[in-house]
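Here's the letter readout for the chains.
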Amino acid sequence: MKRYCQTLELVDDSQLIDQYVEAHRNVWPEIQEGIRSVGILDMQIYRLGTRLFMICDTVDEFDW
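Description of the structure in this document. (Residues numbered from 1 in each chain as written. Predicted model: local features only at pLDDT ≥ 70, side-chain atom pairs only at ≥ 80, totals over all residues. Heavy atoms only, no water.)

1. Considerations on the overall build of the protein chain
Selection rule: A run of H or I in DSSP becomes a helix once it reaches four residues, and a run of E becomes a strand once it reaches two; helices and strands are each numbered from the N terminus. Think of it in three bands: residues with accessible area under 20% of the maximum for their type are buried, residues over 50% are exposed, and the middle band is partly exposed, with areas taken using a 1.4 Å probe on protein chains only. Contacts are assigned to residue pairs with any non-hydrogen atoms lying within 4.5 Å of each other. Accessible areas in this description were obtained via Shrake-Rupley with a 1.4 Å probe; residue shielding takes into account the shown protein chains only. For this count, His and the chain ends are skipped, Lys and Arg are scored as positive, and Asp and Glu as negative. For the purpose of locating charges, the reference atoms are NZ of Lys, CZ of Arg, CG of Asp and CD of Glu.
Helix and strand counts for the protein chain come out as 2 helices and 3 strands. Along the protein chain, helices (α) and strands (β) appear in the sequence β-α-α-β-β when read from the amino end. On the principal axes, the C-alpha backbone points of the protein chain span a range of 40 × 25 × 15 Å. The buried share of the protein chain, reckoned over its 64 residues, is 19%. When contacts within the protein chain are restricted to residue pairs at least 6 apart in sequence, those whose partners lie at least 24 apart make up 61%. As displayed, the protein chain has an accessible area near 5200 Å², and 54% of this comes from carbon and sulfur atoms. When the 6 basic and 12 acidic side-chain charges of the protein chain are each reduced to a single mean position, those positions are 5 Å apart.

2. Quick notes on the sheet that holds strand 3 (residues 51-58)
Our working rule: When DSSP finds at least two bridges between two strands, those strands are taken to pair. Every axis corresponds to a line fitted to the C-alpha atoms, with the helix fit spanning only the stretch in contact, and the corresponding angles, defined between N-to-C directions, vary from 0 to 180 degrees.
One open sheet accounts for 3 strands, arranged 1-3-2; its pairing is antiparallel. Whereas interior strands pair on both sides, the edge strands pair on one side only; in this sheet they are strand 1 (2-9) and strand 2 (40-48). Adjacent strand axes in the sheet meet at a mean angle of 15 degrees when their direction is disregarded.

3. Quick notes on the packing of aromatic side chains
Stated precisely, the cut-off is as follows: Aromatic pairs are defined between Phe, Tyr and Trp rings, using the six-membered ring for Trp, whenever the two ring centres lie within 6.5 Å; interplanar angles under 30 degrees are classed as stacked, those over 60 as edge-to-face, and all others as tilted.
As enumerated under the stated definition, the model contains 3 aromatic pairs in all. An aromatic cluster is present here, built from Tyr4, Phe62 and Trp64 joined pairwise through their rings.

4. A look at the pairing of strand 2
In terms of strand pairing, strand 2 meets strand 3 through 8 bridges, oriented antiparallel. Its bridge partner being in strand 3, Met43 is matched across the sheet by Cys56.

5. Examining the pattern of salt bridges
Put simply, the rule reads: Salt bridges are identified by distance alone: a Lys or Arg side-chain nitrogen within 4 Å of an Asp or Glu carboxyl oxygen.
Here the structure, examined in full by the defined rule, presents 3 salt bridges. Where Arg51 meets Glu9, a salt bridge forms, and the shortest distance between an N and an O atom there is 2.7 Å. Taken as a pair, Arg51 in strand 3 and Glu9 in strand 1 lie far apart in primary sequence, 42 residues in all. The shortest N-O distance in the salt bridge between Arg25 and Glu22 comes to 3.1 Å.

In short, geometric facts, not functional conclusions.
Pasting the structure below:
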């Protein structure tokens, strides 16, 4: 298994951040299927203020 970690800084706009959070609250099944089909086993995204931190666990053969 491989693990990838990434950070991202969001624009400091609470309305835009709220829209981002809401858009990601209920991920479409097709998106989840696509993520799994390329070898991503688990994906977690955490937010602290305007900073996002993503952790992806993948199969060994995964090529980002």
